[in-house]
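# Understanding the architecture of this molecule
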Amino acid sequence: AVVSTQSTGIEMWKKYIGWEKNNPMRSDDNSLIKKRVMYAYEQALLTWGHHPDIWYEAALFLERSANLVHEKGDTQSATNWRDEVAALYEKATKGLLKNNLLLHFAYADYEESRMKPEECHKIYNELVNTVTDPTLVYVQYMKFARRAEGIKAARGVFKKARDDKRSSYHVYVASALMEYYTTKSKDIALKIFELGLKKFPKNTAYILKYLNHLAHQNDDNTTRVLFERVLTSLEKDQSWPIWSEFLSFESNVGDLASLIKVEKRRSNAFESECKMKETSLLVDRYKYLDLYPCTTQELRAMDYQVEQDNSQIRGFLAPNKTALNNREQPTKGSGGVARPDFSHMVPFSPLPSSSMRANQVFGYPIPAAASDLLSNMPPPHCFHGPFVAVDKLIKIIAEKCPQSFEAMLEKMAASENMDVDQYMSTTDRGDRSKKRHLDEEEDDGPTRTTAPPAFDLYRMRQQRRHDTAAM
């Protein structure tokens, strides 16, 4: 409920800001439009200042407005507005969102576009000392240093990141690929990868990145050597992704004999897990990316675990679900969240229990008046007996409280416009008549017939048929 309320509030503010951007006053004064829109942003930030998208959209609008007036020749206003953009970023990164990486990176890129590398270095260095995990900061810092000052400056940032114990393997991958694509040097890239392997010898994710890089160098022997080296150093529970990558590598560059050999070695390494699953292991030989040689139902039947292909994720515009093969279309969910199959669900119907609260009947709420009555009654376990004999109870009341009983009879007789004796005799005669009538019916048996009531066509027809059959 809180998330829904926040989303609704932000959407309403964005609609208002969008309305101001559309220039409802049809004014040609860019300064007036800018003031109205920025006032709307400032009011929104009073409540939603912890949302980075509001800050960034405000800075982006101000930057575009500055470029617009610059194109029209108003350089002084453009310069002032660009300074306001920097001040807005400074206010955001020094206040509520001082640990937000997104706004810091946007701020650094903005200063880079203004040809102020000193400000960028200041932003990155302050951010490195502020956050807990500076890995992504170092990666973006290296990219900025390469763009602004060249590969040597990026190497200096990498050296700083390498000495920082908080940084992870990502800085080694980023630096190695940067050297490979910028300087076209395979040797430097391999040295950086080897340097990272010494620091992260059991990190499966880093090893896979290293293997993937080597596989694209067309050096099969070096790649096989690395496979053998890491498989001997990893624990059993860490080596399965490496074995799968080894199998995929041999499927691409090796022959059938080497492929079968790797399959057997993997089965021997995971003997207990691979037992009685030969068909599932065969799927690994023929699958390719997100294409599988079996349908989803067949894979589920053989208990085959489909791996998530993270390379298919492309941000907020990515599909919610990737199809296993081209014969099955992806199904759309709500926000990418997995949903159960409601078609197989039945309504919940709880069983009654003695521990149930007084204001619930079979687990469902009851009206307030009935709830108050039940709360004043004894609990259900008190009603297991003995039970009251109503006839005997009335007799005792008549004997013990004759005056009350006679008063009750007087009221009942008065309701019939009779005295007590007449009412009692009528009641006795009626009871005896009903009893005699019932006794006669039992004596006569089921063959006794009665005259049908007037205008009862059904009974008249039945009577006619009965008389005809008797004749």
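A brief look at the structure comes next. Only a predicted model underlies this, so the values are computations on that prediction, with no experimental measurement involved.

### Let's talk about the nonpolar core
Across soluble globular proteins, nonpolar side chains show a tendency to be buried alongside one another. Counting 78 residues, the largest nonpolar core has Tyr41, Tyr89 and Ile242 as the members making the most contacts within it. Residue contributions to this core peak at eight residues, all from helix α2 (residues 30–48). Dropping the residues within four chain positions of it, Tyr89 is found in contact with Tyr56, Ala59, Leu103, Ala106, Tyr107 and Tyr110. Counting five residues, the second-largest nonpolar core is a separate cluster that includes Tyr292, Cys294, Leu299 and Tyr304.

### Digging into unusual backbone geometry
Excluding glycine, residues mostly carry a negative phi; peptide bonds, for their part, are mostly trans. Despite not being glycine, Met115 has its phi angle at roughly 60°, a positive value. For Met115, the position within the fold is in the loop between α5 (101–113) and α6 (117–130). Despite not being glycine, Leu289 has its phi angle at roughly 55°, a positive value. Along the polypeptide, Leu289 turns up in the loop between α16 (278–286) and α17 (296–301). Judged by relative accessible area, Leu289 falls into the exposed class, the value being 60%.

### A closer look at the pattern of salt bridges
Under the counting rule described, the total for this entry stands at 19 salt bridges. Asp53 is the salt-bridge partner of Lys14, the closest N and O atoms lying 3.1 Å from each other. Residue Lys14 is located in helix α1 (residues 2–21), and its partner Asp53 is located in helix α3 (residues 52–71); the two are separated by 39 residues in the primary sequence. By sharing partners, the salt bridges in this structure join Lys14, Asp53 and Glu57 into a single network.

### Observations concerning the packing of aromatic side chains
By convention here, two paired aromatic rings are described through the distance between centres and the angle between planes. Across all of its chains, the model carries 21 aromatic pairs by this definition. Judged by centre distance (4.9 Å) and plane angle (5°), the rings of Phe193 and Tyr210 are stacked. Residue Phe193 is located in helix α10 (residues 186–199), and its partner Tyr210 is located in helix α11 (residues 204–215); the two are separated by 17 residues in the primary sequence. With relative accessibility at 0%, the residue Phe193 sits in the buried group.

What counts and how
Residues numbered from 1 in each chain as written. Predicted model: local features only at pLDDT ≥ 70, side-chain atom pairs only at ≥ 80, totals over all residues. Heavy atoms only, no water. Core = buried A, V, L, I, M, F, W, Y, C linked by side-chain atoms within 4.5 Å. Buried < 20%, exposed > 50% of the residue type's maximum accessible area, 1.4 Å probe, protein only. Helix = DSSP H or I, 4+ residues; strand = E, 2+ residues; numbered from the N terminus. Contact = heavy atoms within 4.5 Å. Salt bridge = Lys/Arg side-chain N within 4 Å of Asp/Glu carboxyl O. Phe/Tyr/Trp six-rings, centres within 6.5 Å; stacked < 30°, edge-to-face > 60°.

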